[in-house]
Amino acid sequence: IESPVDVTIPEAYTGTTRTFELTEPDGSTRRLEVKIPPGVDEGSRIRIAGQGDYGSGGRGDLYLVVHMLPDPRYTREGTTLRTRIDVPLAVAMLGGEVPVYTPDGKRLMLRIPPGTPNDKAFRLKGKGMPKLGRPQERGDLYAEVNVILPTALNDEQRRLFEQFARSIG
């Protein structure tokens, strides 16, 4: 038997469990807890031996077919993850640090060099999705810069920006 199972990127990043309620031929039900390993991807099949329907030779296998749910924070290409990070204009111009979060909620501080342009991607080696069956091996996480422009300038800030604009021609 095949059954679909929805998995989020954070769940695929760390691995997770799902509990299923199975109905027996006599109408009774039983619970089955299944471990979903780190690194699963769209279409991955997880075999649970001896938990499917009864056939001529006894109980068959149950296969869970993974469907990856979209995530507003991350996109995935195999073991590579991409995320957008908001960087204030002053940090993009002068340099500084900004937080980058991994799908398991860990916070990393990323050093932004002075003069960083919008859409610049920084590679965080080994912080991407684990390889299925080898969770100690990970892809990379790319943090793509989204420069945040100030929207409401007071008179002094506007004067200073105009002065800056004149100074660079």
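What comes next concerns the included structure. Please read these numbers as outputs of a predicted model, since none were measured by experiment.

**Quick look at the pattern of salt bridges**
Side chains that differ in charge, positive against negative, can pair when their charged atoms come close.
Inference 1: All chains considered together, the criterion is met by 16 salt bridges.
Inference 2: Salt-bridge contacts for R84 lead to D119; the nearest nitrogen and oxygen are separated by 2.9 Å. Taken together, the residues span a long stretch of sequence, with R84 in strand β9 (residues 80-88) and D119 in the loop between β11 (107-112) and β12 (121-124) at a distance of 35 residues.
Inference 3: Residue class for R84 comes out partly exposed when judged on its relative accessible area of 40%.
Inference 4: Note that E156 is salt-bridged to R159, the shortest N-O span being 2.8 Å. Placement of both E156 and R159 in helix α3 (residues 155-167) is noted, with a separation of 3 residues, approximately one turn of the helix.
Inference 5: According to the relative accessible area criterion, E156 is partly exposed, its value standing at 42%.
Inference 6: Judged by its relative accessible area of 40%, R159 is partly exposed.
Inference 7: In this structure, a network of salt bridges that share partners links the residues E77, R82 and E144.

**Comments concerning the sheet that holds β9**
Inference 1: A sheet is described by the order of its strands in space; here 4 strands give the open sequence β8-β9-β15-β12, paired in mixed fashion. Here the strands that pair on one side only, and so sit at the sheet edges, are β8 (74-77) and β12. Neighbour-to-neighbour, the strand axes of the sheet open up by a mean angle of 30°, direction not taken into account.
Inference 2: As defined by bridge partners, β12 adjoins strand β15 (residues 141-148) across 4 bridges and the pair is classed as antiparallel.

**Concerning unusual backbone geometry**
Inference 1: In this structure, D119 is a non-glycine residue whose phi angle is positive, near 75°.
Inference 2: Looking at D119, the relative accessible area reads 49%, which means it is partly exposed.

**Overview of the environment of V87**
Inference 1: Turning to its location among the elements, V87 is positioned in strand β9.
Inference 2: Overall, the relative accessible area of 0% leaves V87 in the buried class.
Inference 3: With sequence-adjacent residues up to four places away left out, V87 is seen in contact with A92, V98, I112, V145, N146, V147 and I148.

**Some details on the sheet that holds strand β1 (residues 2-7)**
Inference 1: Pairing is mixed in the open sheet, where 3 strands are placed in the order β1-β7-β4. What marks the edges here is a single partner per strand, and that holds for β1 and β4 (45-48). The mean inter-strand angle of the sheet, taken between neighbouring strand axes irrespective of direction, is 30°.
Inference 2: Pairing of β1 with strand β7 (residues 62-68) involves 6 bridges; the strand directions are parallel. Pairing of V5 across the sheet is with V66, part of β7.

**A word on α3**
Because the α-helix completes a turn every 3.6 residues, residues three or four places apart line up on one side.
Inference 1: Taking 1.5 Å as the rise per residue, α3 with 13 residues should run 18 Å; its terminal C-alpha atoms sit 18 Å apart, in good agreement.
Inference 2: If you check the start of α3, you find a side-chain oxygen 3.1 Å away from the backbone N of E156, and it comes from N154.

Conventions and cut-offs
Residues numbered from 1 in each chain as written. Predicted model: local features only at pLDDT ≥ 70, side-chain atom pairs only at ≥ 80, totals over all residues. Heavy atoms only, no water. Salt bridge = Lys/Arg side-chain N within 4 Å of Asp/Glu carboxyl O. Helix = DSSP H or I, 4+ residues; strand = E, 2+ residues; numbered from the N terminus. Buried < 20%, exposed > 50% of the residue type's maximum accessible area, 1.4 Å probe, protein only. Pairing = 2+ DSSP bridges. Axes fitted to C-alpha atoms, helices over the stretch in contact; angles between N-to-C directions. Contact = heavy atoms within 4.5 Å. Expected span 1.5 Å × (residues − 1). Polar contact = N/O pair within 3.5 Å; in protein donor to acceptor, adjacent residues only side chain to side chain.

Just geometry here; none of it tells us what the structure is for.
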